[in-house]
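# An overview of the molecular structure
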Amino acid sequence: MMMKKPEKKNSQFTINLVAIDGDGAFPCPKCGLQISPDDESESNYRIIDTKVVNDELSELIISCGKCGSTIRITGFQAGFDA
Ligand SMILES: [Zn+2]
């Protein structure tokens, strides 16, 4: 497990998936790189941390693969009934 906290020098943004139309993909708030949480290849981002509540993914904290911004993704609970 990684215990290190993300470096503070990078910008941090929060994305709420509830506010996003479509398949949950969104552009990086800083550089505009298209990021899809469903893309398990992690080609465009790197997962830093995940937060699970009641066996449901609650938060995903990722790092943009292009600009390195830290992006916190919330809102998984709503609208994703596989
Ligand atoms: Zn970016």
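Rules and cut-offs
Residues numbered from 1 in each chain as written. Predicted model: local features only at pLDDT ≥ 70, side-chain atom pairs only at ≥ 80, totals over all residues. Heavy atoms only, no water. Donors = N, O, S within 2.8 Å, 3.2 Å for Na, K, Ca; no water. Helix = DSSP H or I, 4+ residues; strand = E, 2+ residues; numbered from the N terminus. Buried < 20%, exposed > 50% of the residue type's maximum accessible area, 1.4 Å probe, protein only. Pairing = 2+ DSSP bridges. Axes fitted to C-alpha atoms, helices over the stretch in contact; angles between N-to-C directions.

## Observations regarding the coordination of the zinc ion
Within the first shell, the zinc ion binds the protein through Cys28 (SG), Cys31 (SG), Cys64 (SG) and Cys67 (SG), at distances of 2.2 to 2.3 Å. Binding-site remark: the zinc ion is held by donors from one chain whose sequence spacing is C-x2-C-x32-C-x2-C. One end of the pair, Cys28, is in the loop between strand 2 (26-27) and strand 3 (34-35); the other, Cys64, is in strand 5 (residues 56-64), with 36 residues separating them in the sequence. A relative accessible area of 4% means that Cys28 is categorised as buried.

## Section: the sheet that holds strand 1 (residues 12-16)
The strand order 1-6-5-4 describes an open sheet built from four strands, whose pairing is mixed. A single partner strand is all that each edge strand has here, and the edge strands are strand 1 and strand 4 (45-53). On average, each strand axis in the sheet is tilted by 20° relative to the strand beside it, whichever way the strands run. Direction of pairing for strand 4 relative to strand 5: antiparallel, over a ladder of eight bridges. Counterpart to Arg46 in the pairing with strand 5 is Ser63.

## Comments concerning the environment of Val18
Mapped onto the fold, Val18 is located in the loop between strand 1 and strand 2. Along the chain, Val18 and Thr74 lie 56 residues apart, while their C-alpha atoms are 8.1 Å from each other.

## Some details on the pairing of strand 5
With seven of its nine residues buried, strand 5 lies for the most part within the structure. Counted along the chain from strand 4 to the antiparallel partner strand 5, the turn is two residues long, and its residue Asn54 has a positive phi close to 55°. Pairing geometry for strand 5 and strand 6 (residues 70-74), over five bridges, is antiparallel. For Ser63, the partnering residue across the bridge sits in strand 6 and is Thr70. Remark: five residues form the turn of the hairpin made by strand 5 and strand 6, two consecutive strands paired antiparallel; Gly68 in that turn has positive phi of roughly 80°.

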